[in-house]
Amino acid sequence: MGQNGAGKTTLVKHFNGLLKPSKGRVLIDGIDTRHVSVATLARKVGFVFQNPDHQLFSETVEDEVSFALKNFGFDEKTISERVEKVLNILDLTHYRKSSPFMLSGGERKRVALASVLSWDPKILILDEPTIGQDSYQKERLRQFIMQLNQQGKTVIIVTHDVEFVTECEPRIILMKNGRIIADGDAREILTDPNLVSEASLVLPEITQVFMRLNDYGFPRNVIGVYEAKRLILERLSGGFMR
Amino acid sequence: MAIIRASNLTYTYPFAEKPAFKNVNLEIERGEFVLLTGPSGCGKTTLCRCFNGLIPHFYGGTLEGEIIVAGLKPSEHAIYEMAQHVGFVFQNPENQLFALTVEKDVAFGLENLGLPRDEIRRRVDWALKVTGIYDLKDRAPFELSGGQQQRVAIASVLAMQPEIIVLDEPTSFLDPLSAKSILEVIHRLNRELNITVILVEHRLDLAARYASRVIVMDEGQIILDEEPRKAFLEEKTKMVGVGIPKVVRLYLLLREDGINLSRVPLSPDEAAESIVEVLESDRG
Ligand SMILES: Nc1ncnc2c1ncn2[C@@H]1O[C@H](COP(=O)(O)OP(=O)(O)OP(=O)(O)O)[C@@H](O)[C@H]1O
Ligand SMILES: Nc1ncnc2c1ncn2[C@@H]1O[C@H](COP(=O)(O)OP(=O)(O)O)[C@@H](O)[C@H]1O
Ligand SMILES: [Mg+2]
Ligand SMILES: [Mg+2]
């Protein structure tokens, strides 16, 4: 996470070899990205671009999603199963025969996600995956990403969506002016007002509420709605009226 | 008289099987700040494309019913004419940038209005500053980060100070602090210059507090048109997957347990205030 222009996209483009470092090196699973092609790395590292239009080119959604699978040499049956599954997960089944260019912005973003998720890479890099998504789609996406992560996949998300992040509670790396300025768990980073403003973020809504309740003895590092409710209820049931 | 008025408006893209939206009736008065939201693909962008004539001029298709924007019928005026009344920030900022430098991009529309030199200079500088890209003014728009490009697109529209500003998910690429400060600038333009604002957003946490009215669309229809505090309590809003702000979620969760905050909060400040009231009265 971090300021516009901080270097997030530039950095993650190094993880699948799209960009090569002018100094230093990037190792992916022990392989130096300078010594392999993007195509070789792609099997391992799936990358969804910030702007889906940089990624989509096929005539139908179905072709788009099966393109990489064909290239990687999967058999017909596997391809059709995978396509079916991923279209379903991203709520795109009814668009399978549509042109990606005739879809809405949020739908195009989901096609871009589908086309990468279909080949099940070990490492997933998602640049702003929640753009254009309503809260229902975001929640589906979140559950799917969490599931992949539990299966042992490495997931790297670039995002400005603070509230989405509070629901995932990942490790967070903050960038500013081309440098990493913090690296820690979500609760610790997102409730640190100095870090948050230095990285041009805002505190989560619930954290902002609890910062203002500090005089009443509430903790400052609250990020979720359910813990917020619990804390307030606890306080009240100990009170005079109940 | 309403600055935007749509009656029985129905639109179908070329070759599409069904309309992208159907029988939309809508009146927006001058000076309103409208938040337009609804599930991905429900027709928000399509509706906005009718406000500045991109539909029908650019997209073709069939537009039925009637629409009048700033006293004009968009179908009878060229897109550049409509652009003098309606500023439009696209969902994808890249589609909107064309000049060789950021500064030229922002100045382009103003030069076409035939304003005096120093007025152009003043407005361009102001727009570059409020969107935080003054230092990038000599850079090429295509060599900027996603969020920087989005700021250029927003600056170009703000500089024009048109009667109506339509912003289609303008904060999607912006870092949260910039999103907040840019929305505040837009809110100020709305109040001080009485500019009508139509903001398409999913992240209501950021936008709810500025809106005077929330319109929710679903499957090509307007299903709700309310002031924000009421809109977020409606069952319909939740059903179609509109993400209500976290502070409203907290309000609803507390209500389930019989704790009634004095009003539906639209910002953390409002939420904290109401919670303090409850705590104080609990203490007796
Ligand atoms: N194609 C390009 N050519 C030259 N410079 C670029 C290019 N793309 C980005 N930059 C510059 O590199 C720096 C880092 O950009 P990058 O796209 O990595 O930022 P980011 O952190 O992803 O920002 P955002 O949140 O806006 O997407 C910025 O100063 C930007 O202007
Ligand atoms: N250029 C286009 N051609 C054909 N159909 C389109 C085009 N743009 C959008 N659509 C379709 O119109 C519907 C509404 O899309 P859109 O207005 O972009 O949705 P929203 O902005 O609410 O996400 C969707 O079903 C989408 O697939
Ligand atoms: Mg980026
Ligand atoms: Mg849209």
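Quick caveat, the model's predicted, so the values are computed rather than measured.

Scanning chain A from N- to C-terminus turns up 11 helices and 7 strands. Overall, the C-alpha framework of chain A stretches about 70 × 45 × 30 Å when taken along its three principal axes. Taking all 242 residues of chain A together, 53% fall into the buried category. Put simply, of all contacts in chain A between residues at least 6 apart along the chain, 56% involve residues at least 24 apart.

What follows covers the overall build of chain B. Looking only at helices and strands, chain B features 12 helices and 9 strands. The C-alpha radius of gyration computed for chain B amounts to 20 Å, which stays within 12% of the reference 19 Å derived for 284 residues, consistent with globular compactness. C-alpha atoms of chain B, sized along the principal axes, occupy 65 × 45 × 35 Å. For chain B, buried positions account for 60% of its 284 residues.

So, about helix α5 (residues 117-130) of chain B. Residue and element names in this part refer to chain B. Taking 1.5 Å per residue as the helical rise, α5 with its 14 residues ought to reach 20 Å, and the 20 Å between its terminal C-alpha atoms agrees with that figure. Residues of α5 that are buried: Ile 120, Arg 123, Val 124, Asp 125, Ala 127, Leu 128 and Val 130. Residues of α5 that are buried in the fold lie against α4 (102-113), α6 (146-160) and α7 (176-192). Positive phi appears at Gly 132, one or two residues downstream of α5, with a value of about 70°.

It is worth spelling out the site of ligand 1 at this point. Around ligand 1, 17 residues are found, and the nearest of them are Lys8(A), Thr9(A), Thr10(A), Arg139(B) and Ser145(B). Flanking ligand 1 are residues from chains A and B. Ser145(B) is positioned such that a nitrogen or oxygen atom in its side chain is 2.6 Å from an oxygen atom of ligand 1. Within the contact set of ligand 1, an oxygen atom lies 2.7 Å away from a side-chain nitrogen or oxygen of Gln148(B). For ligand 1, whose accessible area on its own is 640 Å², the fraction buried by protein is 74%.

Here we come to the domain arrangement of chain A. Residue and element names in this part refer to chain A. Assigned domains within chain A: domain 1 (8-202) and domain 2 (204-242). Measuring from the centre of the C-alpha atoms in domain 1 to the corresponding centre in domain 2 gives 35 Å. Counting from both sides, the interface comprises 9 residues of domain 1 and, opposite them, 9 residues of domain 2. Carbon and sulfur atoms supply 64% of the area buried between domain 1 and domain 2, which totals about 760 Å² over both sides. Among the residues of domain 1 in contact with domain 2, Glu 163, Arg 187 and Thr 191 are the three that bury the most area, contributing 60% of the side total.

On to the site of ligand 2. Every one of the 16 residues lining ligand 2 counts as a neighbour, but Met102(A), Gly41(B), Lys44(B), Thr45(B) and Thr46(B) are closest to it. In this structure, a nitrogen atom belonging to ligand 2 sits 3.4 Å away from a side-chain N or O atom of Tyr13(B). Measuring from an oxygen atom of ligand 2, one finds a backbone N or O atom of Gly43(B) at 3.0 Å. Taking 560 Å² as the accessible area of ligand 2 by itself, protein coverage stands at 88%. A per-class count over the shell around ligand 2 returns 7 nonpolar, 6 polar and 3 charged.

So, about the confidence of the model for chain A. Residues with a pLDDT of 70 or more make up 98% of chain A, whose mean pLDDT is 92. Mean pLDDT per element in chain A: helix α2 (residues 38-42) of chain A is the minimum at 87, and strand β6 (residues 171-176) of chain A is the maximum at 98.

Turning next to the packing of α4(B) against α5(B). All names here are of chain B. Running from N to C, α4 and α5 point in directions that differ by 130°, and their axes come no closer than 10 Å. One finds that α4 runs oblique with respect to α5. Regarding α4 and α5, the two cross each other, and that crossing is right-handed. Where α4 approaches α5, its residues Val 102, Glu 103, Val 106, Ala 107, Leu 110 and Glu 111 are matched on the opposing element by Arg 117, Ile 120, Arg 121, Arg 123, Val 124, Ala 127 and Leu 128.

Right, let's talk about the interface of chain A and chain B for a bit. Contact residues are listed per partner, giving 52 residues for chain A and 52 residues for chain B. In this assembly, chain A packs against chain B so that about 4,300 Å² is buried in total across both faces, 59% of it on carbon and sulfur atoms. Broken down residue by residue, the surface that chain A buries against chain B is led by Asn4(A), Glu205(A) and Tyr216(A), which jointly contribute 16%. Linking chain A with chain B are 6 salt bridges, by the criterion used here.

All names here are of chain B. Distances from the magnesium ion (ligand 4) to its protein donors, Thr 45 (OG1) and Gln 91 (OE1), fall at 2.0 to 2.4 Å. Of this pair, Thr 45 sits in helix α1 (residues 44-51) while Gln 91 is found in the loop between β5 (86-89) and α4, placing the two residues 46 residues apart along the sequence. Like Gln 91, Thr 45 is buried.

Turning our attention to the coordination of the magnesium ion (ligand 3). All names here are of chain A. Taken together, Thr 9 (OG1) and Gln 50 (OE1) make up the protein donors of the magnesium ion (ligand 3), found 2.0 to 2.4 Å from the metal. In this pair, Thr 9 sits in helix α1 (residues 8-12) while Gln 50 sits in the loop between β3 (45-48) and α3 (61-71), placing the two residues 41 residues apart along the sequence. With a relative accessible area of 13%, Gln 50 lands in the buried category.

Sheets are built from strands that pair by backbone hydrogen bonding, the pairs being arranged parallel or antiparallel. All names here are of chain A. Taken together, the 3 strands give an open sheet; going across it, the order is β3-β4-β5, and neighbouring strands pair in parallel fashion. Each edge of the sheet is formed by a strand with only one pairing partner; in this case those strands are β3 and β5 (154-158). Within this sheet the neighbouring strands show an average axis-to-axis angle of 10°, counted without direction. As paired elements, β3 and strand β4 (residues 123-127) share 4 bridges and run parallel to each other. Looking at β4, one finds that Val 48 is bridged to Leu 126. Packing of helix α5 (residues 105-117) onto the sheet brings it into contact with β3 and β4, and relative to β3 it is tilted by some 175°.

A cis geometry characterises the amide bond from Ile55(B) onward to Pro56(B), with omega recorded as 10°. Structurally, Pro56(B) is set in helix α2 (residues 54-57). Even without glycine at this site, Asp91(A) takes up a positive phi of about 60°. Structurally, the position occupied by Asp91(A) is in the loop between α4 (76-89) and α5. Overall, Asp91(A) belongs to the partly exposed group, its relative accessible area being 25%.

Rules used in this analysis
Residues numbered from 1 in each chain as written. Chains lettered and ligands numbered in written order. Predicted model: local features only at pLDDT ≥ 70, side-chain atom pairs only at ≥ 80, totals over all residues. Heavy atoms only, no water. Helix = DSSP H or I, 4+ residues; strand = E, 2+ residues; numbered from the N terminus. Buried < 20%, exposed > 50% of the residue type's maximum accessible area, 1.4 Å probe, protein only. Contact = heavy atoms within 4.5 Å. Rg over C-alpha atoms; globule rule 2.2 N^0.38 Å. Expected span 1.5 Å × (residues − 1). Near = heavy atom within 4 Å. Polar contact = N/O pair within 3.5 Å; in protein donor to acceptor, adjacent residues only side chain to side chain. Areas by Shrake-Rupley, 256 points an atom, 1.4 Å probe, with all protein chains shown as cover. Domains from an automatic or database assignment. Buried area = accessible area lost by both parts, 1.4 Å probe. Nonpolar A, V, L, I, M, F, W, Y, C, P; charged D, E, K, R; others polar. pLDDT = per-residue confidence, 0-100. Axes fitted to C-alpha atoms, helices over the stretch in contact; angles between N-to-C directions. Parallel < 35°, antiparallel > 145°, perpendicular 65-115°, else oblique. Left-handed = near helix turned anticlockwise from the far one by under 90°. Salt bridge = Lys/Arg side-chain N within 4 Å of Asp/Glu carboxyl O. Donors = N, O, S within 2.8 Å, 3.2 Å for Na, K, Ca; no water. Pairing = 2+ DSSP bridges.

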